[in-house]
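Chain residues, written in single-letter form:
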Amino acid sequence: GHTFAGRIREMAMLPVFRGKGQLPPLCGPIPAPHDYEIPVGDLVAARSVKEGEGDAPDWILAAVTQHFAKTDEYEVEDVADDEEPVQGGHPNPNPNPNPHKMVLPSSGVIPLPKLLPDAQRRVELPAGTKVLAMYPGTTCFYEATVVLPPSKRKKENDYLVQFDDDDDEYGNVTPRVCPQVFCIMCPEVSYHDDDDGRFR
């Protein structure tokens, strides 16, 4: 049996793109084209809006199980859920047939990188970039800011990020490590107008 941490480590080990020419979509932070159809089985950050909480949406690690082309919606499955034991050994009294699946509009599903750029042509999110990053030890993505991109890390090929509101009772903040596959441009950015009213 795989440990969950082991599965996450495996997901983070992306192949390096060594082809010639332009780097393809989903190579590091290069976005997918607008009309990209995410293949079944691919990993995504999925926007899980909990009813009635009205808070910022939770973005969770999920895998695509179906694409509905007519409505441009995706069915996704929460990656974390098969690890959780049933509480107290009692089956859930009113089981939902697929408690860990949800259907989301394409705007609520962000494909994660599938390839990493090689060191010669490093494309990365620079320090100061607002990102969604997966918090260590969880499958939840939260807003964060890049502290160090992979090129500035000595040996590790990952990001160092500072999560929003991630401080202890004394106000000390600890930057966290985040593999490249789980660190993506913060989607909210495109909705904030810049000074001239256009997104740049």
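Up top you'll find the structure we're talking about.
Per chain, the residues get numbers from 1 upward, laid out in the order the sequence is written. The model is predicted, so local features are restricted to residues of pLDDT at least 70 and side-chain atom pairs to those at 80 or more, both for listing and for counting; the totals for chains, interfaces and linings are taken over all residues. The basis for every side-chain value is the complete set of heavy atoms in the structure, and neither hydrogens nor water enter the calculation.

Caption draft 1: Spotlight on the overall build of the protein. Secondary structure summary: the protein contains one helix and 12 strands in total. Only DSSP runs of H or I reaching four residues or more are called helices, and only runs of E reaching two or more are called strands; each is numbered from the N terminus. Along the chain direction, N to C, the helices and strands of the protein fall in the order α-β-β-β-β-β-β-β-β-β-β-β-β. It only takes one pair of heavy atoms within 4.5 Å for two residues to be counted as in contact. Sequence separation of at least 24 residues holds for 57% of the intrachain contacts in the protein that already meet a minimum separation of 6. Accessible surface computed for the protein: about 12,600 Å², of which carbon and sulfur atoms make up 53%. Here, Shrake-Rupley sampling with a 1.4 Å probe gives the accessible areas, and only protein chains in the shown set may cover a residue.

Caption draft 2: Broad picture of the pattern of salt bridges. A carboxyl oxygen of Asp or Glu within 4 Å of a side-chain nitrogen of Lys or Arg is what we treat as a salt bridge. Here the structure, examined in full by the defined rule, presents five salt bridges. A salt bridge links arginine 153 to aspartate 158, with the shortest nitrogen-to-oxygen separation between them at 2.9 Å. Working definition: with a 1.4 Å probe on protein chains only, accessible area under 20% of the residue-type maximum means buried, over 50% means exposed, and in between means partly exposed. A relative accessible area of 15% places arginine 153 in the buried class. Linking aspartate 166 and arginine 176 is a salt bridge whose minimum nitrogen-to-oxygen distance equals 2.9 Å. Taken together, the positions of aspartate 166 in the loop between strand E10 (158-163) and strand E11 (176-179) and arginine 176 in strand E11 put the pair 10 residues apart, joining distant regions of the chain.

Caption draft 3: Examining helix H1 (residues 4-12) more closely. If you check which residues of H1 are buried, you get Gly6, Arg7, Ile8 and Met11. In this structure, the buried residues of H1 make contact with strand E2 (43-48), strand E3 (58-68) and strand E8 (130-134).

Caption draft 4: Representation of the nonpolar core within the structure. One finds Leu61, Leu112, Val131, Phe141, Val161 and Phe182 to be the most contacted residues of the largest nonpolar core, which totals 27 residues. Among the elements that make up this core, the one with the highest residue count is E8 (four residues). Among residues more than four places away in sequence, those in contact with leucine 112 are Leu26, Leu43, Val44, Ala45, Leu61, Phe141, Val181, Phe182 and Ile184. Among buried residues, the Ala, Val, Leu, Ile, Met, Phe, Trp, Tyr and Cys ones that are joined through side-chain atoms within 4.5 Å form a nonpolar core.

Caption draft 5: Just the environment of proline 136, in detail. Structurally, the position occupied by proline 136 is in the loop between E8 and strand E9 (140-148). Spatially, the C-alpha atom of proline 136 lies 7.1 Å from that of cysteine 178, the residues being 42 residues apart in sequence. Here proline 136 is in contact with Phe163, Arg176 and Val177, once residues within four sequence places are set aside.

Caption draft 6: Just the environment of leucine 160, in detail. Of note, leucine 160 is situated in strand E10. For the pair leucine 160 and proline 175, spaced 15 residues apart in sequence, the C-alpha to C-alpha distance is 6.1 Å. Apart from the residues within four sequence positions on either side, leucine 160 is in contact with Thr145, Val146, Val147, Leu148, Arg153, Pro175, Arg176 and Val177.

Caption draft 7: Representation of the packing of aromatic side chains. Each Phe, Tyr or Trp ring, with Trp reduced to its six-membered ring, pairs with another whose centre is within 6.5 Å; inter-plane angles below 30 degrees give stacked pairs, above 60 give edge-to-face pairs, and intermediate values give tilted ones. Inspection of every chain in the model, using the stated rule, returns three aromatic pairs. Ring centres of tyrosine 135 and tyrosine 142 lie 6.3 Å apart, and the angle between their planes is 80°; this geometry places the pair in the edge-to-face category. Relative to phenylalanine 182, the ring of phenylalanine 141 has its centre 6.5 Å away and its plane inclined at 70°; by these criteria the two rings are edge-to-face. Separated by 41 residues along the polypeptide, phenylalanine 141 in strand E9 and phenylalanine 182 in the loop between E11 and strand E12 (183-185) bring together distant segments of the chain. We note that phenylalanine 141, like phenylalanine 182, is buried. Chaining the aromatic ring pairs together yields one cluster made of Tyr135, Tyr142 and Phe163.

Caption draft 8: Fine view of a negative patch on the surface. Taken together, the side chains of Asp165, Asp167, Asp168 and Glu169 make up a negatively charged region of the molecular surface. Among the structural elements, glutamate 169 can be located in the loop between E10 and E11. Patch membership requires more than 30% relative accessible area and the absence of a salt bridge. Residues of like charge join within 9 Å; the nonpolar side chains Val, Leu, Ile, Met, Phe, Trp and Tyr join within 5 Å. None of His or the chain ends enter the tally, which takes Lys and Arg as positive and Asp and Glu as negative. We put the charge of a Lys on NZ, of an Arg on CZ, of an Asp on CG and of a Glu on CD.

Caption draft 9: Fine view of the side chain of threonine 139. Inspection of the secondary structure assignment puts threonine 139 in the loop between E8 and E9. By relative accessible area, threonine 139 is classed as buried at 9%. If we skip the residues at most four places from it in the chain, threonine 139 touches Phe4, Ile8, Trp59, Ile60, Leu61, Asp78, Ala80 and Met134.

Nothing here speaks to function; it is all geometry.
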